Amino acid sequence: MFVLIWASFFLCKRVSNAETGTSQQCIGEYCITLSETLTAEAGLCVVIPCSFTTAVGFTPKHIVWYKCEAYSSCIYDDEIIFHSKNNIRVQYGFEGRVSLLEPDIRQNNCSIIINDLKESDSGLYRIRVNGELNRREDGFASIQRTTVSVEGLSQKPRVKIPTLTEGQQATLTCVAPGLCSGSVPEITWTWRGAGGTESYITGSSTSFRTKTLTAFTQRHISTLTFNSSAEHHNTNVTCKIRFTGEKTTEEGSTLKVNYVKEVNITGGTNVKEGETLNLICSVESFPPSLIMWSKLGSDITLHNDTGSATLSIINATTEHSGQYVCTAKHMNNILQENIDITVMSARVKHCGSYSTVLPWIVAGVSLTLNAFCITYIWFLWNSRKKVNLHQEERTYMSLQKADVSPDYDVLAQHIN
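A quick note: this is a predicted structure, and the numbers were derived from the prediction, not measured.

What to know about the nonpolar core
- Residues I63, W65 and I114 are the most contacted members of the largest nonpolar core, which totals 31 residues.
- For this core, the element with the highest residue contribution is strand β11 (residues 123–133), accounting for 4 residues.
- Sequence-distant contacts of I63, that is, excluding residues within four places in its chain, are made with F52, F82, H83, S84, L100, I105, C110, I127, R128 and V129.
- Formed by 24 residues, the second largest nonpolar core is a distinct cluster that contains W189, W191, I201 and V257.

A word on the side chain of K67
- Position of K67 relative to the elements: it lies in strand β7 (residues 58–68).
- Here K67 occupies a buried position and makes no salt bridge, while the nearest side chain of opposite charge, E69, is found at 4.2 Å.
- Within polar-contact distance, the side chain of K67 engages the backbone oxygen of S122 at 3.4 Å.
- In contact with K67, other than residues within four places in its own chain, are C74, E79, I81, Q91, F94, S120, D121, S122, G123, L124 and Y125.

Looking at the pattern of salt bridges
- For the coordinates displayed, the defined rule picks out 6 salt bridges.
- Notably, a salt bridge pairs E246 with R242, separated by 2.9 Å at the nearest N-O pair.
- With a relative accessible area of 58%, E246 lands in the exposed category.
- Accessibility expressed as a relative area gives 32% for R242, which makes it partly exposed.
- One continuous salt-bridge network, built from bridges that share partners, spans E186, R242 and E246.

Re the confidence of the model for the protein
- For the protein, mean pLDDT is 83; residues scoring 70 or higher make up 82% of the total.
- Every residue in residues 1–10 is under pLDDT 50, and counting partners more than four places away or in other chains gives 16 contacts.
- Long-range and interchain partners of residues 389–416, a stretch whose pLDDT sits below 50, account for 2 contacts in this model, where long-range means more than four residues apart.

Topic: the sheet that holds strand β26 (residues 290–295)
- Strand order in this open sheet of 5 strands is β24-β30-β29-β26-β27, and the pairing throughout is mixed. The sheet is open, and its two borders are formed by β24 (270–272) and β27 (301–306), each paired with just one other strand. Strand-to-strand twist across the sheet, computed as the mean angle between neighbouring axes with direction ignored, equals 25°.
- With 9 bridges connecting them, strand β29 (residues 322–330) and strand β30 (residues 333–344) associate as antiparallel partners. Residue pairing for β30: T327 is matched across the bridge by Q336.

Overview of empty space enclosed by the protein
- Summed over the entire model, instances satisfying the criterion amount to 2 cavities of 30 Å³ or more.
- Roughly 70 Å³ of internal volume is contained in the largest cavity.
- Along its surface, the largest cavity is lined by G43, L44, D116, P177, G178, C180, S181, G182, S183, H220 and F243.
- The class makeup of the residues in the lining of the largest cavity is 4 nonpolar, 6 polar and 1 charged.

Rules used throughout
Sequence order sets the numbering: in each chain, residues are counted from 1 along the sequence as written. Selection of residues for local features in this predicted model requires a pLDDT of at least 70, selection of side-chain atom pairs for listing and counting requires 80 or more, and totals for whole chains, interfaces and linings are taken over all residues. Values reported for side chains reflect all heavy atoms of the structure, with hydrogen atoms and water molecules removed beforehand. What we call a nonpolar core is a set of buried Ala, Val, Leu, Ile, Met, Phe, Trp, Tyr and Cys residues that are connected through their side-chain atoms within 4.5 Å. Think of it in three bands: with a 1.4 Å probe and only protein chains considered, a residue is buried below 20% of the maximum accessible area for its type, exposed above 50%, and partly exposed in between. Helix numbering and strand numbering both begin at the N terminus, where a helix is a DSSP run of H or I of at least 4 residues and a strand a DSSP run of E of at least 2. Whether two residues are in contact is decided by their heavy atoms, any of which lying within 4.5 Å being enough. When charges are counted, Lys and Arg are positive and Asp and Glu negative, with His and the chain ends excluded. Definition used for salt bridges: Asp or Glu carboxyl oxygen within 4 Å of a side-chain nitrogen of Lys or Arg. Here a polar contact is taken to be a pair of N or O atoms separated by no more than 3.5 Å, where protein atoms must pair a possible hydrogen donor with a possible acceptor and residues adjacent in sequence count only if both atoms sit in side chains. Per residue, pLDDT measures the predictor's confidence, with a range of 0 to 100. Think of it this way: DSSP has to see at least two bridges between two strands before they count as a pair. Think of each axis as a best-fit line through the C-alpha atoms, taken over the contacting stretch in the case of a helix, with angles from 0 to 180 degrees between the N-to-C directions. In this analysis, the protein atoms alone were mapped onto a 1 Å grid. Cavities are point sets where a 1.4 Å probe fits without being able to get out; pockets are open sets with protein on both sides within 12 Å along at least five of seven lines; lining residues have an atom within 4 Å of a point. Grid points are joined across faces, edges and corners, and a volume is the space filled by probe spheres set on the points. Each residue is assigned to one class: nonpolar for Ala, Val, Leu, Ile, Met, Phe, Trp, Tyr, Cys and Pro, charged for Asp, Glu, Lys and Arg, and polar for all the others, Gly among them.

And the structure:
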């Protein structure tokens with residue numbers, strides 16, 4: 001039988017603190033201070049702050065918490081969700097989810113933490129302190145009840161991304177929301193590349209750890225380690241948390257990787273005098289590189305821009321011929337590419353159109369060649385005629401000489 005008779009409401013004193021959202025209810029020297037309303041999210045946890053004071057001679061023995069509906073008085077055994085006496089049966093679904101923040105009841109701390117929250121945990125909560133007064137069982141309970149509202153999970157994990165540089169190892173960190181000591185959440189990493197399909201970063205590794213802050217508060221952390229490359233730039237990485245009861249939340253971040261590719265120069269390098277030359281120098285990089293054009297041996301910058309720069313030479317002359325340098329500055333790196341430009345002299349033009357004069361030149365050359373050939377043939381023919389005449393004269397002279405030669409007489413003698 002309770003010594004404190006709660007039906008005597010005229011003896012009850014209630015003081016509310018708007019700043020802290022708590023109220024203190026007292027009957028004589030027995031007081032309970034607790035929160036009036038609390039809001040929490042499914043999958044996480046909620047702490048109901050509670051403290052009490054008693055009269056001299058009262059020894060607290062057990063803390064009992066009830067959950068009930070608005071129409072109930074919250075005093076029945078089937079409404080108990082926590083009892084510091086371990087062998088007491090509690091409501092279905094609350095087993096192992098409710099704990100005292102301070103197990104030593106003599107510290108007058110009746111605060112509890114409820115882990116792995118569900119929407120069905122919304123309702124009214126009431127505290128009772130059981131003990132002994134002058135060696136007789138006694139106890140007191142709060143008249144005011146705490147209203148707990150459990151909403152859908154909206155908190156997101158915190159993703160920490162360091163500076164990423166191509167070719168260097170990087171570690172991303174994901175911290176789960178809440179500081180609860182209930183079930184350990186499942187943390188997974190996914191990567192969405194340029195194709196838009198979720199996958200995992202090749203060659204990556206993950207680790208998980210739980211950091212204990214207090215006896216009833218923990219921080220759950222997962223890390224993702226991989227080698228950064230230009231392929232990862234502007235892609236999305238997502239950290240997904242899955243709590244008990246299939247409650248999930250996730251947070252995505254876009255990766256920014258510092259990288260630089262080779263210098264690329266496009267455009268023609270040979271032009272004629274009077275024409276315009278355009279050369280484009282570009283460098284794929286992040287952050288964008290500063291591109292500068294200059295002529296070899298000169299400190300004058302002809303043109304500069306970010307990402308790409310165009311070298312334009314209007315009305316080119318032979319003096320513009322030479323070697324030009326494209327310089328790209330990317331963070332602490334400097335890249336250069338040289339290219340030779342040639343400006344060709346224009347041909348000297350005679351009066352009239354060159355296309356009109358050309359046929360006459362061809363005709364003149366052809367006529368000259370024909371006259372030369374005719375003259376040469378005539379010369380050969382005359383030379384050959386003189387040679388034949390001299391040969392005949394020699395033959396006749398030889399015959400005349402044969403008629404008077406004695407040798408020839410012998411050769412001509414008739415043999416009988």
